[in-house]
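Read off the chains here:
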Amino acid sequence: ITATSPRTQSFRKSSGSVQSLGTFVFERTGIDMSATVTDPRCSVCDATSSSAKTMATMPLPATTMATTLPQATIKSSTTCGCTAGGQAQYKFTFKPTWNAPQPPFGAHWSWPVGAAHSACASFWKNGGMATAGVQSVAETGSYSTFRSEVTSKGNQATSFFYGGLVHSAAGTTTSSFTADRYRSLVSALSMIAPSPDWIVGVDSLSLCNGTGWVTRLEVPLYPYDAGTDSGLQFTSANQATSPHQPIARITATSLRTQSFQKSSGSVQSMGTFVFELTNIVFNTAITDPMCSMCPTSDGQPSTIGMTIGKSLLFRKV
């Protein structure tokens, strides 16, 4: 009903137009992430839209940037409880510290490598057997095979990343990667060189706190034996382990402990991995990898450790 309508006489006019008669107010009071949301499979969008989209793929408005606000999508078992919205961009920093009583000549660290992935992808874990890629990193520092293993996981793993070499016992190197609600876990590892087959890293560390993204996480690193070489010291000659043994953390009672500095009867941390949230992008399409597996029931699928190995650049002959 406008100012020129025959019915205008029933409404008060101001400056030639019909005045507002009141307001409707919509206020968000909470978000229930436990509710089951059914997709009606409606393919019709706004009349002005040039193309139709299903409701399940319509993105959250770009203006909504709060890390605790999830995308307007259906809840899927593949998220394993992570409903954080958008594509999270992370800065990865490796800060190694060589805590051996006396670092060997040429002590250094290999390229730290890793990837964001779903619970259906696993690259290494305490008690598991080293893959060819993990063995290559642990013994030589080379990561080409490990990268191929990440690629072979298809859309279960994304955003392979690597940092630079650290040419001394202590230093810093950085990289970056992205994660989303389906691939909210991160695994990474690096080598200390020289050594037989020892590594450091994190396995399936979650960057999602349920409805939002972890803003900063600093993880202490401890030495692990990859189980592929039987050397006991940093400069031991090659002694291939046959058959290979499970990956195991090097503890105060290990035969290899003499190579590491102990504090109060335990092997000290040899550095940290730091994960820092730098941005969240909401207008990026996110593909569901259709993974029905979730982390272990304790809610802490990550095994935090550190590994060491010989680099191709510094390997003994």
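Up top you'll find the structure we're talking about.
Here the structure is a predicted model, which is why all the values come from computation and not from measurement.

Cut-offs used in this document
Residues numbered from 1 in each chain as written. Predicted model: local features only at pLDDT ≥ 70, side-chain atom pairs only at ≥ 80, totals over all residues. Heavy atoms only, no water. Salt bridge = Lys/Arg side-chain N within 4 Å of Asp/Glu carboxyl O. Helix = DSSP H or I, 4+ residues; strand = E, 2+ residues; numbered from the N terminus. Buried < 20%, exposed > 50% of the residue type's maximum accessible area, 1.4 Å probe, protein only. Arc of directions from axis to C-beta. Pairing = 2+ DSSP bridges. Axes fitted to C-alpha atoms, helices over the stretch in contact; angles between N-to-C directions. Phe/Tyr/Trp six-rings, centres within 6.5 Å; stacked < 30°, edge-to-face > 60°. Lys NZ or Arg CZ within 6 Å of the ring centre and 35° of its normal. Disulfide = S-S within 2.5 Å.

1. Considering the pattern of salt bridges
Reasoning step 1: Taken as a whole and assessed by the stated rule, the structure comprises 3 salt bridges.
Reasoning step 2: Arg 183 is the partner of Asp 180 in a salt bridge, and the nearest nitrogen-oxygen pair spans 3.1 Å.
Reasoning step 3: Among the ionic pairs, Arg 216 bridges to Glu 276, the shortest N-O distance being 3.5 Å. One end of the pair, Arg 216, is in strand E10 (residues 216-220); the other, Glu 276, is in strand E15 (residues 271-281), and 60 residues separate them in sequence.
Reasoning step 4: Taking the relative accessible area as the measure of exposure, Glu 276 reaches 25% and is therefore partly exposed.
Reasoning step 5: One network of salt bridges, in which partners are shared, links Arg 216, Glu 218 and Glu 276.

2. Thoughts on helix H2 (residues 144-152)
Reasoning step 1: What H2 keeps buried is the set Phe 146, Glu 149 and Val 150. Here the buried residues of H2 occupy an arc of 100 degrees about the axis, which is enough to place them on one side. Turned more than 90 degrees from where H2 packs its buried face, Thr 151 and Ser 152 sit exposed.
Reasoning step 2: Among the residues trailing H2, Gly 154 stands out with phi positive, at a value near 60 degrees.

3. Considerations on the sheet that holds E10
Reasoning step 1: Read across the open sheet, the 4 strands follow the order E7-E3-E15-E10; overall the sheet is antiparallel. Each edge of the open sheet carries a strand with a single partner, namely strand E7 (173-179) and E10. In this sheet, neighbouring strand axes are inclined to one another by 20 degrees on average, regardless of whether the strands run parallel or antiparallel.
Reasoning step 2: Bridge count for E10 against E15 is 5 bridges, and the pairing is antiparallel. Looking at E15, one finds that Arg 216 is bridged to Glu 276.

4. Here we look at the packing of aromatic side chains
Reasoning step 1: This model, assessed by the stated rule, comprises 16 aromatic pairs.
Reasoning step 2: Considering the side-chain rings of Phe 92 and Phe 275, the 5.6 Å spacing of their centres and the 45 degrees angle between planes classify their relative orientation as tilted. Taken as a pair, Phe 92 in strand E3 (residues 87-96) and Phe 275 in strand E15 lie far apart in primary sequence, 183 residues in all. When sorted by exposure, Phe 92 lands in the same class as Phe 275, which is buried.
Reasoning step 3: Between Arg 249 and the ring centre of Tyr 222, over which it is positioned, the NZ or CZ distance is 4.2 Å.

5. Remarks on unusual backbone geometry
Reasoning step 1: For the bond running from Ala 193 to Pro 194, omega is 0 degrees, close enough to zero to count as cis.
Reasoning step 2: Position of Pro 194 among the secondary structure elements: in the loop between strand E8 (185-193) and strand E9 (198-206).
Reasoning step 3: In this chain, Ser 242 is followed by Pro 243 through a cis amide linkage whose omega measures -5 degrees.
Reasoning step 4: The residue Pro 243 is located in the loop between strand E11 (223-225) and strand E12 (248-249) in this model.
Reasoning step 5: A positive phi angle is found at Ser 159, which is not glycine, with a value near 55 degrees.
Reasoning step 6: Assignment of secondary structure puts Ser 159 in strand E6 (residues 157-162).
Reasoning step 7: Residue Ser 159 is classed as partly exposed on the basis of its relative accessible area, which comes to 23%.
Reasoning step 8: Although it is not a glycine, Ser 204 sits at a positive phi angle of roughly 50 degrees.
Reasoning step 9: Residue placement: Ser 204 occurs in strand E9.

6. A few points about the environment of Ser 204
Reasoning step 1: Judged by its relative accessible area of 8%, Ser 204 falls in the buried class.
Reasoning step 2: The spacing of Ser 204 and Leu 185 is 19 residues in sequence and 5.0 Å in space, taken between C-alpha atoms.

7. Re the state of the cysteines
Reasoning step 1: Here the structure, examined in full by the defined rule, presents 2 disulfides.
Reasoning step 2: At a sulfur-sulfur separation of 2.3 Å, the disulfide partner of Cys 82 is Cys 208. Its torsion about the S-S bond being 100 degrees, the disulfide of Cys 82 and Cys 208 is classed as right-handed. Linking Cys 82 in the loop between strand E2 (17-18) and E3 with Cys 208 in the loop between E9 and E10, this pair joins segments that are 126 residues apart in sequence. Cys 208 matches Cys 82 in its accessibility class, with the two residues each being buried.
Reasoning step 3: Residue Cys 120 pairs covalently with Cys 291 via a disulfide, S to S 2.0 Å. With the S-S dihedral at roughly 90 degrees, the linkage between Cys 120 and Cys 291 falls on the right-handed side. Of the two residues, Cys 120 sits in the loop between strand E5 (113-117) and helix H1 (132-140) while Cys 291 sits in the loop between E15 and strand E16 (303-307), which places them 171 residues apart along the sequence.
Reasoning step 4: Owing to a relative accessible area of 32%, Cys 120 belongs among the partly exposed residues under this scheme.

Read these as spatial facts, not as claims about activity.
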